[in-house]
Amino acid sequence: MSQFRPKYVTFDCYGTLTNFQMAEAAQDLYRAQLPEAQMAAVVRDFAAYRLDEILGAWKPYADVIHNALERACKRNGVAFKPEHAQMVYERVPSWGPHADVPAGLARVAKEIPLVILSNAMNAQLPSNVAKLGAPFHAALTAEQAQSYKPRMKGFEFMFDTLGCGPEDVVHCSSSFRYDLMTAHDLGIKNKVWVNRGHEPANPYYGYVEIKDIGGLPAVFGL
């Protein structure tokens, strides 16, 4: 891929660039009252239900968090309070980048425009992007697209907004389930998997693997 210079490098934000701390937020709420195994189950189910909640018609992300946390609590016999879900939702804009992100992004941004496609609300994302340490050509949200990844509509919204196609981008993400599988299905041949330990490798989907964003400039020979 070092010989390929795309029109844009497109990114997932939360987890890939921003240090996604949903598990920590849930632990802060319930850790004092739950044994370790039950706490681990709540965290696991909270993540699974978040994915389930975004596969249908678009709804505000506050509702996604509320519904997913309520379902996780119900499944594990934990008392749910709506204000707990609101507390988790309100934390999102405070999250900063993984330590490896600013330097790697800034190096690539000197040569190739950067774009974010995020499962975020319009009011959330700017605060997170401002902490990333590099200029972005565009930062697009699920609210704008009226669709969450892994559904295809968000990617199609991104292509329409940028005036390009799958052949013009390199898509970079730490998640197969949210990003790289859909990117593959839409014909994005050039993909980068940031192996942050969220998911196991899956070579079927065709990608360059890096351990963190510090390795991204080398992907383009920079």
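Owing to the predicted nature of the structure, the values given are computational and were not obtained by experimental measurement.

Describe the nonpolar core, naming the residues involved and giving the relevant values.
Counting 55 residues, the largest nonpolar core has Phe11 and Leu105 as the members making the most contacts within it. Broken down by element, the residue count for this core peaks at seven residues, all from helix α3 (residues 61-75). Those residues in contact with phenylalanine 11, other than ones at most four positions away along the chain, are Leu17, Leu105, Leu114, Val115, Ile116, Leu117, Phe136, His171, Cys172 and Leu216. Within the second largest apolar cluster, 14 residues are counted, among which are Leu140, Val169, Ala183 and Ile188.

Got a sec to walk through the side chain of histidine 171? Specific residues and values, please.
The topology assignment puts histidine 171 in strand β4 (residues 169-173). Here the side chain of histidine 171 touches threonine 10 through a polar contact of 2.7 Å, side chain to side chain. Among the polar contacts listed, one links the side chain of histidine 171 to the side chain of aspartate 179, at a separation of 2.7 Å. Excluding residues that lie within four positions of it along the chain, histidine 171 makes contacts with Thr10, Phe11, Asp12, Phe155, Asp179, Leu180, Ala183, Ile188, Asn190, Lys191 and Val192.

So what's going on with the packing of aromatic side chains? Residues and values would help.
The way to describe two aromatic rings as a pair is by their centre distance and the angle between their planes. Evaluation of the coordinates by the stated rule reveals 11 aromatic pairs. Residues tyrosine 61 and tyrosine 148 carry aromatic rings whose centres are separated by 6.0 Å and whose planes lie at 50 degrees to one another, so their mutual orientation is tilted. Taken as a pair, tyrosine 61 in helix α3 and tyrosine 148 in the loop between α7 (142-145) and α8 (153-162) lie far apart in primary sequence, 87 residues in all. Tyrosine 148 matches tyrosine 61 in its accessibility class, with the two residues each being buried.

So, the side chain of aspartate 45: which residues are in play, and what are the values?
By the element assignment, aspartate 45 lies in helix α2 (residues 36-53). Take aspartate 45: its relative accessible area is 3%, and that puts it in the buried class. A distance of 3.5 Å separates polar atoms of two side chains, one belonging to aspartate 45 and the other to arginine 44.

Rules and cut-offs
Residues numbered from 1 in each chain as written. Predicted model: local features only at pLDDT ≥ 70, side-chain atom pairs only at ≥ 80, totals over all residues. Heavy atoms only, no water. Core = buried A, V, L, I, M, F, W, Y, C linked by side-chain atoms within 4.5 Å. Buried < 20%, exposed > 50% of the residue type's maximum accessible area, 1.4 Å probe, protein only. Helix = DSSP H or I, 4+ residues; strand = E, 2+ residues; numbered from the N terminus. Contact = heavy atoms within 4.5 Å. Polar contact = N/O pair within 3.5 Å; in protein donor to acceptor, adjacent residues only side chain to side chain. Phe/Tyr/Trp six-rings, centres within 6.5 Å; stacked < 30°, edge-to-face > 60°.

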